[in-house]
Amino acid sequence: MSDAFDLTVMYVMHDALRRELAHLDRMTTGADRDPGQLPATAGWALFKKALHAHHTAEDEALWPVLRGRLAGHPKDLALLEALEAEHAAIVPLVKAIDAALAAPEVDHLGLGILTDALATGLAGHLKHEEDTALPLVRRALTAEQWGRFRQVQAQLICPEAPLMLPWLLDGADERTVAKLLAPLPASVRAAYTTEWAPAYTAVDRWSPGTAPTH
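Residues numbered from 1 in each chain as written. Predicted model: local features only at pLDDT ≥ 70, side-chain atom pairs only at ≥ 80, totals over all residues. Heavy atoms only, no water.

## Notes on helix α9 (residues 186–201)
For clarity, the cut-off: Helix and strand assignments follow DSSP, with helices taken as H or I runs no shorter than four residues and strands as E runs no shorter than two, numbered in order from the N terminus. One less than the number of residues in a helix, times 1.5 Å, gives the span that helix is expected to have. Given a residue, its bend is the angle between the two axes fitted to the seven residues that end at it and to the seven that start from it. Relative accessibility decides the category of a residue: with a 1.4 Å probe and only protein chains considered, values under 20% of the type maximum give buried, values over 50% give exposed, and everything between is partly exposed. Whether two residues touch is decided by their heavy atoms; if any such pair falls within 4.5 Å, the residues are in contact.
A rise of 1.5 Å per residue sets the reference length of α9, with its 16 residues, at 22 Å; its end C-alpha atoms lie 21 Å apart and thus fit the reference within 8%. Its maximal kink placed at Tyr192, α9 deviates by approximately 50 degrees. Here α9 has its buried residues at Ala191, Tyr192, Trp196, Ala197 and Tyr200. Buried residues along α9 sit in contact with α1 (8–29), α7 (161–169) and α8 (174–181).

## Points about the packing of aromatic side chains
The following threshold applies: Side-chain rings of Phe, Tyr and Trp (the six-membered ring for Trp) are treated as a pair once their centres are within 6.5 Å; stacked means planes under 30 degrees apart, edge-to-face means over 60, and tilted covers the remaining angles. Either the NZ atom of lysine or the CZ atom of arginine qualifies as a charge over a ring when it sits within 6 Å of the ring centre and within 35 degrees of the ring normal.
Going through the model one piece at a time under the given rule, you end up with two aromatic pairs. With centroids separated by 5.0 Å and ring planes inclined at 35 degrees, the aromatic side chains of Trp146 and Phe149 adopt a geometry described as tilted. Of this pair, Trp146 and Phe149 both sit in helix α6 (residues 143–157), separated by three residues, roughly a single helical turn. For the pair shown, Trp146 and Phe149 are each scored as buried. The ring of Trp167 carries the charged tip of Arg19 above its face, separated from the ring centre by 5.0 Å.

## Section: the packing of α1 against α6
Rules: A fitted line through C-alpha atoms serves as each axis, taken over the contacting stretch for helices, and the angle formed by two N-to-C directions is quoted from 0 to 180°. Each angle receives one of four descriptions, namely roughly parallel if under 35 degrees, roughly antiparallel if over 145, roughly perpendicular if within 65 to 115, and oblique otherwise. For this classification, Asp, Glu, Lys and Arg are treated as charged, while Ala, Val, Leu, Ile, Met, Phe, Trp, Tyr, Cys and Pro are nonpolar and the rest, including Gly, are polar.
Axis separation between α1 and α6 bottoms out at 11 Å; the angle between their running directions is 40 degrees. Judged by the inter-axis angle, α1 sits oblique to α6. Contact with α1, carried on its side by Val9, Met10 and Met13, involves Trp146, Phe149, Arg150, Gln153 and Ile157 of α6 and no other residues of that element. Its residues assigned to classes, the contact of α1 with α6 shows six nonpolar, one polar and one charged.

## Quick word on the packing of helix α4 (residues 74–102) against helix α5 (residues 108–140)
The test is simple: Two helices crossing with the near one rotated counterclockwise from the far one by less than a right angle form a left-handed crossing, whereas a clockwise rotation gives a right-handed crossing.
Where α4 meets α5, the closest approach of the two axes is 9 Å, and the angle between their N-to-C directions is 155 degrees. Classed by the angle they form, the pair α4 and α5 counts as roughly antiparallel. Here the hand of the crossing between α4 and α5 comes out left-handed. Of the residues belonging to the contact of α4 with α5, the class tally is 17 nonpolar, six polar and four charged.

## Observations regarding empty space enclosed by the protein
Defined as follows: With a 1 Å grid laid over protein atoms only, a set of points is called a cavity when a 1.4 Å probe fits there but cannot get out and a pocket when it is open yet has protein on both sides within 12 Å along at least five of seven lines; lining residues have an atom within 4 Å of a point. Grid points are joined across faces, edges and corners, and a volume is the space filled by probe spheres set on the points.
Following the criterion strictly, the structure yields one cavity of 30 Å³ or more and no others. A volume near 30 Å³ is recorded for the largest cavity. If you list the elements that add at least two residues to the lining of the largest cavity, you get α1 and α5. Considering each element in turn, the lining of the largest cavity owes the most residues, four residues, to α1.

In structure tokens:
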């Protein structure tokens, strides 16, 4: 319907998830890494939290609204069904990886197959979303409806903002960082700059022993 609203946050989230998939690949295939240590890394925990927040926001505040706006357009509705099916396929992969990691003896080959499936499935889903769903978002949603999705996603991330905000912006260029920080309260922007981002960059989140203990 309009190009007036900004999709930057969607692309930044997708880029962050792709970045973490690359770390996950190194963690599970590197000759000097023990994939059985994955649960002890902050990287795996943060990845799961971000993925859950992003997909929950889409399932609750994006796909249902789009479905209503696209009523009477069967091809577009079929696309939404495909995207939702991709979400549904990703969830059990994450659970299967956690189950494999919780086994008394980690099957490294089986774990590698699962992480490869997760990486392939999620990367394909993100591209599918960018190539086909975001054009629908631009065409069908109002700025207010898009803003509601952004609000829901932000609410899901907010409880752990000191970790999740630096995670989200890791690797983003200065202009993008400034754009996403601009709407936030001054106190949050200051905390991000002086406390949260420095603390985040000081830790190798994909090293064992960095996972939260609570």
